Each structure stands twice: as C-alpha cells, then as structure tokens.
Amino acid sequence: MKYDLVFEGGGAKGMVLAGACETFFARKHEVGRLLGTSAGAIVATLLAAGYTPAEMLAALIEKGDDGKSVFAGFMGMPAPFSDAEIDASATLRLLDGVDLTFIPDGIEKKLHRQTVKALAEGGTSRHLLALIERGGWFAADRFVAWMRAKLDTGRWRGGDRRFSGMTLKRFHEVTDVDLSVVASDTTDGKLLVLNHRTAPDCPLIWAVRMSMSIPLVWDEILWQDSWGTYLGRDIAGHAIVDGGLLSNFPIELFISDAPQVTKLMGPKNGNPVLGMLIDEKLPVGGSKGLLVKIDIKPGEMKTVQRLRRLIDTATDAHDKMVIEEYERFVVRLPAAGYGTTEFDMSDERRQALVQAGAEAMALYFDARANAVSGLELPTKAAPRGFPGAPVRSHADRIATGLLD
C-alpha cells in the first residue's frame, strides 16, 4: 500500500525514525507524499532522494575520523566574525551605549570594538557572541556539508545520485517525489511549508537546514534573495528556524482538503496518511537510561531548556489536539530517556532506539491487520466521524488555523 508519510522532529531522537522506516519497507509498503519537520525533514529528504532503509541507517550511524558519531560534529564552532559583522553587531551597540565619561569618546569606541573582536576570536566567547548575534550557540556548517554529501552519494535509478545543487522545483521535476519540509519564519511569526509549489527556487539543502535549526542551539538562517519568493511573497532577510517552533507534527496538512491547505500541499491523492510520532513517554526496550549526566551540553543549558519547554508547551497543545483526533493515523515511536541534542549517544543506545522504532511500526501494522479481522485496536478505534465530512472539516480548521 502507498502511504503519505509525516515525520515528527526530535533532534537526535530522530534515529528512531530509521527503524520505523525499516519495518515500513519490509512490509512492502510504498511512499507517496513526504512531509517532515527538523529531524523528520532529514529523513523525508533522504527517502525522497531514493535512500533505502539500509542506506539511511548507514548514513545516520556514520562516524567521523575520531570514531565519534558524525552528528556530534554538527555542534560546531561558529564561523569567524567578519569586520562588517562586528561593526553592525548588537553587542557593539550595547557597549557604545555605556559612556565612561573619564575616557575620550574616540578611545572608548576603539576599546568597545576591540572587546567585541576579542570575544569573536575566543573559544567559548565566540559561541556566546554567536548566540547573541546569530541566534545559535553552534554553527551547522558540518551538517550542510554532510547533507550535501549524502544527496550526492550512491546510485539512483541506474545513475549517480546528484541532488545537492538542486532547487525544490528541480528536485521535484527530476524525482517526481512530492516533498515538503516545515520551517518557522520568526520575522513574520508564520509557519513555512517549503516545497516546489511554495518556494520553487529555494535550494533543497537549505530548506532542510532551515527546518532543523533548533533555536539557540544552531544559528538562524536568513532567507537569501537568490532563493526567490515564498508563495509569491518576498521574504528576503527573514530569520528562519526549526519548524518545530510552530508545529512539530503537522499531520493535518495531509488530511485537510481546504483550499488554503491544498494551495500549499497540492490536491489530495487518495493515499492513506501515516504519521510517525516520537513519543518521549514510551520506554525504549534494551536501552540503559542516562541516570547521571556527567557533562552539561550547551544545547541543554537552562536558557535553551526553558525555551524548549516554552516551544513544547505551545506546539504540544496544537499537536496533541491533532494526535488525539487522528490517533488511527499515528504510530508512536518510543524515545523515553533520549535527549534532543544527544548526538554522541553510544552504539548500544542508538541500536536500541532504532530497534524500538522497528518494533513499534510492526506492532502498529499488526494492530491494523487485527482491526480489519474484527479485533479491537489497542488505541482509539478511529478519529471521530472518520471517514466522513466532519473529520475533514475538523482537519481543515486545525490546518488553516496553523497556517494563519
């Protein structure tokens, strides 16, 4: 059977999606439209590029020359600050607002600039300056390089895979895969659904990069003039971050057939919808939890944790409403005890997470098969009113409310 697939975001926890995909394809199912947020956007893009579950798992467990997960390297040192960035920085403006009357103005301004330049050239201080000026403690340059390499590695339909330089429009033309990734425009406070309809000239690689940019962890991305418009609207210079800021699990975008939604997603094709939800409350069998964390990762600083809680509270209220209404379309993938930025997890923990995803997907399909045989599903039997108009209307309300 062909399914339209929705992948939730979850940072390092997204490894569970690889296990779920392994079972999905082992059951001889096929992929229709693809929609993903953050880590889910990465998985959706790899599938759209023709990755098999084995190829995807190999890419996600790849290790660097130091023997550590390549994902650990995505928490990289911020790029050097240019003189222009320093001169235009908010930090310099802040210092210039402090007037030490016993120092001549000309000398004081030079001291302020030297102070900012020293911060930019330090180790931890450069991270701090990047957090203030660019919106993230880390740079994700290594992620971009990794994703670019993955999109240009291996064979695809008898030829070499060469997708990294493509726009969303060109990628769709070549693959005929309907891929959408979700990001958040913090300048306008709007959800962005990036695909060949909405942002045809946006580079595929940067669409994924924007979708996975966890606020305060990675630097925000400024939309470039060369990326064209979004739904015909000029958003050059807008700050774009992780789609999970507004919706981590926008499954209603595939369910709704409201005109405002189909303008972004295209007409419905009749495929059943399946959402892969990363459930932090379900235990992962065979995994030893982290009872004590010896080090504090910048991604887990109290400031970042507070922001994540605020984001989770805002998005969970929306996503929970959707999940409860459309439980039948959702497979819950265990991820309890795993951290969003735990990219350096051990091989044992990673394998346990992947296995948990594979088993959860198998249980979901087995339950669906039993339901067809007259046995009751272990979750809610069906969304209220499914498959009639009331359900579609409810999806329409949720989806259009999210887009508004």
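The next subject is the overall build of the chain. Helix and strand counts for the chain come out as 15 helices and 12 strands. Within the chain, buried positions represent 52% of all 404 residues. Of all intrachain contacts in the chain linking residues separated by at least 6 positions in sequence, the fraction that spans at least 24 positions is 77%. As displayed, the chain has an accessible area near 18200 Å², and 56% of this comes from carbon and sulfur atoms.

Let us now look at the environment of G270. Tracing the chain through its elements places G270 in the loop between α12 (259–265) and β11 (273–279). C-alpha of G270 to C-alpha of Y3: the two residues are 267 residues apart in sequence and 9.2 Å apart in space.

Turning to the packing of aromatic side chains, a few remarks are in order. This model, assessed by the stated rule, comprises 14 aromatic pairs. A ring pair is formed by Y326 and F329, whose centres lie 6.1 Å apart and whose planes are at 20°; its orientation type is stacked. Comparing Y326 with F329, the two get one shared label, buried. Here a set of aromatic residues connected by ring pairs shows up, and it is made of Y3, F24, F25, Y364 and F365. Here the guanidinium or amino end of R134 rests over the ring plane of F81, the centre of that ring lying 3.8 Å away. Taking NZ or CZ as reference, R349 lies 4.0 Å from the ring centre of Y338, over its face.

Here we come to the side chain of H112. Tracing the backbone through its elements, the reader meets H112 in helix α6 (residues 105–121). In contact with H112, not counting residues within four places along its chain, are L92, L95, D96 and V98.

Right, let's talk about the environment of T186 for a bit. Looking at the element boundaries, T186 is found in the loop between β6 (179–185) and β7 (190–194). Taking C-alpha positions, T186 is 9.7 Å from D242, a pair spaced 56 residues apart along the chain. Ignoring anything within four residues of it in the chain, the contact list for T186 reads A239, V241 and L245.

Moving on to the pattern of salt bridges. Using the criterion set out here, one finds 20 salt bridges in the structure. Two residues, R134 and E85, come together in a salt bridge whose shortest N-O distance is 3.0 Å. In this pair, R134 sits in helix α7 (residues 124–134) while E85 sits in helix α4 (residues 83–87), placing the two residues 49 residues apart along the sequence. Residue E85 is classed as partly exposed on the basis of its relative accessible area of 31%. Among the ionic contacts, a cluster of salt bridges with common partners joins D83, D87, R113, K117 and E121.

Glancing now at the environment of L46. The topology assignment puts L46 in helix α2 (residues 39–48). The sequence separation of L46 and K150 amounts to 104 residues, and the corresponding C-alpha distance is 8.0 Å. When neighbours within four sequence positions are excluded, L46 is seen to be in contact with Y51, M56, M147 and K150.

The next thing to look at is the confidence of the model for the chain. Within the chain, residue pLDDT values average 84, and 84% of them lie at 70 or more. In the model of the chain, helix α13 (residues 302–325) stands out as the element of lowest mean pLDDT, 59, in contrast to helix α9 (residues 168–175), which has the highest, 98. Throughout residues 289–300 the model reports pLDDT below 50, and contacts reaching past four residues in sequence, or to other chains, amount to 15 contacts.

The next thing to look at is the nonpolar core. When a protein is soluble and globular, its nonpolar side chains tend to lie buried together. Counting residues in hydrophobic clusters, the biggest one holds 106 residues, and the most contacted among them are F7, F143, W146, L194, W218 and M276. The dominant element in this core, judged by the number of residues it contributes, is helix α14 (residues 347–372), at 8 residues. Look past the residues within four positions of W218 in its chain and what remains in contact with it is F74, M75, G135, G136, F138, A139, A140, R209, M212, S213 and F343. If you look at the next biggest cluster of nonpolar residues, it comprises 7 residues, including F81, V116, A120 and A130.

Taking 1.5 Å of rise per residue, 17 residues should cover 24 Å, and α6 covers 24 Å from first to last C-alpha, within 8% of that figure. Within the sequence span of α6, burial applies to E108, H112, V116 and A120. End-on view of α6: buried residues confined to an arc of 125°, all on one side of the axis. Summarising the geometry of α6, the exposed residues directed more than 90 degrees from the buried face are K110, Q114 and E121.

Let's shift gears to a nonpolar patch on the surface. Residues V98, L100 and F102 make up a contiguous nonpolar surface patch of about 300 Å² in total accessible area. As for its position among the elements, V98 is in the loop between α5 (90–96) and α6.

Reading the values: rules and limits
Residues numbered from 1 in each chain as written. Predicted model: local features only at pLDDT ≥ 70, side-chain atom pairs only at ≥ 80, totals over all residues. Heavy atoms only, no water. Helix = DSSP H or I, 4+ residues; strand = E, 2+ residues; numbered from the N terminus. Buried < 20%, exposed > 50% of the residue type's maximum accessible area, 1.4 Å probe, protein only. Contact = heavy atoms within 4.5 Å. Areas by Shrake-Rupley, 256 points an atom, 1.4 Å probe, with all protein chains shown as cover. Phe/Tyr/Trp six-rings, centres within 6.5 Å; stacked < 30°, edge-to-face > 60°. Lys NZ or Arg CZ within 6 Å of the ring centre and 35° of its normal. Salt bridge = Lys/Arg side-chain N within 4 Å of Asp/Glu carboxyl O. pLDDT = per-residue confidence, 0-100. Core = buried A, V, L, I, M, F, W, Y, C linked by side-chain atoms within 4.5 Å. Expected span 1.5 Å × (residues − 1). Arc of directions from axis to C-beta. Patch = residues over 30% accessible without salt bridge, like charges linked within 9 Å, V, L, I, M, F, W, Y side chains within 5 Å.

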